[in-house]
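Each chain, written out:
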Amino acid sequence: MRAVVTGGAGFLGSHLCEQLVARGADVVALDNFCTGSAANVEHLHSTGRFDLIEQDLTTGAPVDGPVDLVLHFASPASPVDYLRLPIETLQVGSLGTQHALDLARVKGSRFVLASTSEVYGDPQVHPQREDYWGHVNPVGPRGVYDEAKRFAEALTLAYRHTHGVDTAIVRIFNTFGPRMRPNDGRAIPNFIRQSLAGEPVTVAGDGLQTRSICYVDDLVQGILAMAAAHHPGPINIGNPHEISMIDLAHWIVKLAESGSPVTHIERPVDDPTVRRPDATLAHEVLGWEPQVQIEDALLRTIDWFRTNELRTPVLSPA
Ligand code: NAD
Ligand code: UDP
C-alpha cells in the first residue's frame, strides 16, 4: 500500500502520515510549507517508508511509481491563515484539488478530499446532516475558504462521474491536538498558549457561539476508515461534543492550572453561531465513533504545548 498525503507536513496531514506508516504503508507527503513544517514529520524519515517532497499543489502533483491512495489535505485551515492567504486558499482548493484528482486518475487510486464543516457556513439547521446545503456568504471574508471547499467537492464529484475516479469526501469538524501551531489563530491553540503564558484568554464576542471539538487521534481513525471504504460521501467526521467558546476558555484555563483572566475580543465577520455534526452516517457506514474523552484530549494537548511551544515553525510570507 502506497499513499500520497497532500498537506502532509501540516497538523492533520502529519498525523495521517504517522498512522499510515504505523500501519505498514509507504507514504509520500507533498507540501509547500505555507502553514505546515517539515519538523512535524521529521521523525518519520528513519522508518525508511516516508518521503517528504516540497511541492506547491497549485502547480502540479508529480509522484513517481504506483499510488493506491491520495489523501488531499493541502489547504490553509485556520481562519487567521486563510484570511492571510486568500488567493492561495482559493487556488489550492481549485487548481490544487484538480492536480490531486489527476494524480488519482492517472494512478487509479482511491481519493479522499478533506472538506469541512465550513461548507455549511453559518448553519440554519442544527445539528448539520450531510444533506443540508448550507448557508454560506460567498462574498464575505470566509468565502475564500468555504467556496474553495465547495468547489473542491463539486470537482471531486465531477471526476468521479466523468473519469470514474474512486472518490470520497469527508467533512471534517473542528479538530485539535498536538502539532497545531501555537500561533495558528484557532481557538484551542490560542486558549492553551495564552493560558500557559499567563496571558488573557481571548474569547470572541460574548463567547456563546459553539463548536463541536474532536481529538486528532479519533479523526485520523475516521479518515482512514473512509479511505478503506468504497463510499463516496460526503460523510461528516467530527465529535458531537458541542461547547460554547466561553465555557471552553474557562475549561482550558482550569485544566492548564493557569491564572489567566478571560477577556473579550471582537467577533470575526460571518463567524458561525453554532456547529455540531450529525455523525449518524459515519457510524452507520464506517462504524466510526470518537473514543477519546474531551477532557483527556485537552490535557494531552496542553501537555504537548508545554513541552513543544518553542518549536513554532517560521511561516513563508504571504
Ligand atoms: P494545516 O494548516 O496545519 O495543514 C495544511 C497543510 O497544507 C500545511 O502543511 C500547508 O503547508 C499545506 N498546504 C497549503 N497549501 C498548499 C499548497 N498550495 N501546496 C502544498 N501544500 C499546501 O491545517 P490542518 O488543520 O492540518 O488542515 C488540513 C486539512 O484539513 C485542510 O484541507 C483543512 O481544510 C481540513 N480541515 C481541517 C479541520 C481542522 O479542524 N483541523 C477542519 C476541517 C477541515
Ligand atoms: N475564537 C475565540 N478566540 C480566539 C480564536 C477564536 O473566541 O482567540 C472563536 C472564533 O471566533 C469562533 C470559535 O472560537 O467562534 C472557533 O474558532 P476557530 O478559529 O478555532 O475555528 P472555526 O471558526 O474555523 O470553527
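Sequence order as written defines the numbering, with residues in each chain counted from 1. Here the convention is simple: chains get letters from A, ligands get numbers from 1, in the order in which they are written. Per-residue local features are limited, in this predicted model, to residues with pLDDT of at least 70; the limit for side-chain atom pairs, both in listing and counting, is 80 or more; totals at the level of whole chains, interfaces and linings are taken over all residues.

Looking up the chain in an unreviewed UniProt entry gives the name dTDP-glucose 4,6-dehydratase, with the organism given as Rudaeicoccus suwonensis.

Residues enter a nonpolar core if they are buried, belong to Ala, Val, Leu, Ile, Met, Phe, Trp, Tyr or Cys, and are joined to the set through C-beta atoms within 7 Å. Neighbour density around each residue's C-beta defines its exposure: 20 or more other C-beta atoms within 10 Å make it buried, 12 or fewer make it exposed, and counts between make it partly exposed, where C-beta atoms are placed from the backbone. By size, the foremost hydrophobic cluster in this structure holds 81 residues, and its most contacted members are Leu71, Val170 and Ile223. By the criteria applied, helices consist of DSSP H or I runs no shorter than four residues and strands consist of E runs no shorter than two, each listed in order from the N terminus. With 7 residues, helix α6 (residues 216-228) is the single largest residue contributor to this core. Excluding residues within four positions of it along the chain, Ile223 makes contact with Leu16, Leu71, Val112, Val170 and Ile237. Residue pairs are scored as contacts if the distance between their C-beta atoms, which are placed from the backbone, is within 7 Å.

Quick look at the site of ligand 2 now. Around ligand 2 sit 15 residues in total, of which Arg186, Ala187, Asn190, Thr202 and Ala204 are the nearest. Within the residue set of the shell around ligand 2, elements represented by two or more residues are α5 (187-197) and β8 (201-204). In terms of residues, the shell around ligand 2 owes the most to one element, β8, which gives 3 residues. Grouping the amino acids of the shell around ligand 2 by side-chain chemistry returns 6 nonpolar, 5 polar and 4 charged. Residues are classed as near a molecule or strand if the C-beta position derived from their backbone is within 6 Å of it. Residues are sorted three ways: Asp, Glu, Lys and Arg are charged, Ala, Val, Leu, Ile, Met, Phe, Trp, Tyr, Cys and Pro are nonpolar, and all the rest, Gly among them, are polar.

Looking at ligand 1, there are 29 residues lining it, with Gly7, Gly10, Phe11, Thr35 and Gly36 nearest. At the level of secondary structure, the elements contributing two or more residues to the shell around ligand 1 comprise α1 (11-22), β2 (26-31), α3 (86-107) and β5 (110-116). In terms of residues, the shell around ligand 1 owes the most to one element, α1, which gives 3 residues.

Counting buried residues along strand β1 (residues 2-6), 4 of its 5 residues qualify, which places the element largely inside the surrounding structure. As paired elements, β1 and β2 share 5 bridges and run parallel to each other. Residue pairing in the sheet places Val5 in a bridge with Ala29 of β2. By the criterion used throughout, a crossover qualifies as right-handed when its path from the first strand across the helix to the second strand runs clockwise, the strands pointing away from the viewer. Once the chain exits β1 it traverses α1 before rejoining the sheet at β2, and the crossover so formed is right-handed. When β1 meets strand β4 (residues 69-72), the two strands line up parallel, connected through 4 bridges. Looking across to β4, one finds that Thr6 is bridged to His72. Each pair of strands is called paired provided DSSP finds at least two bridges between the two strands.

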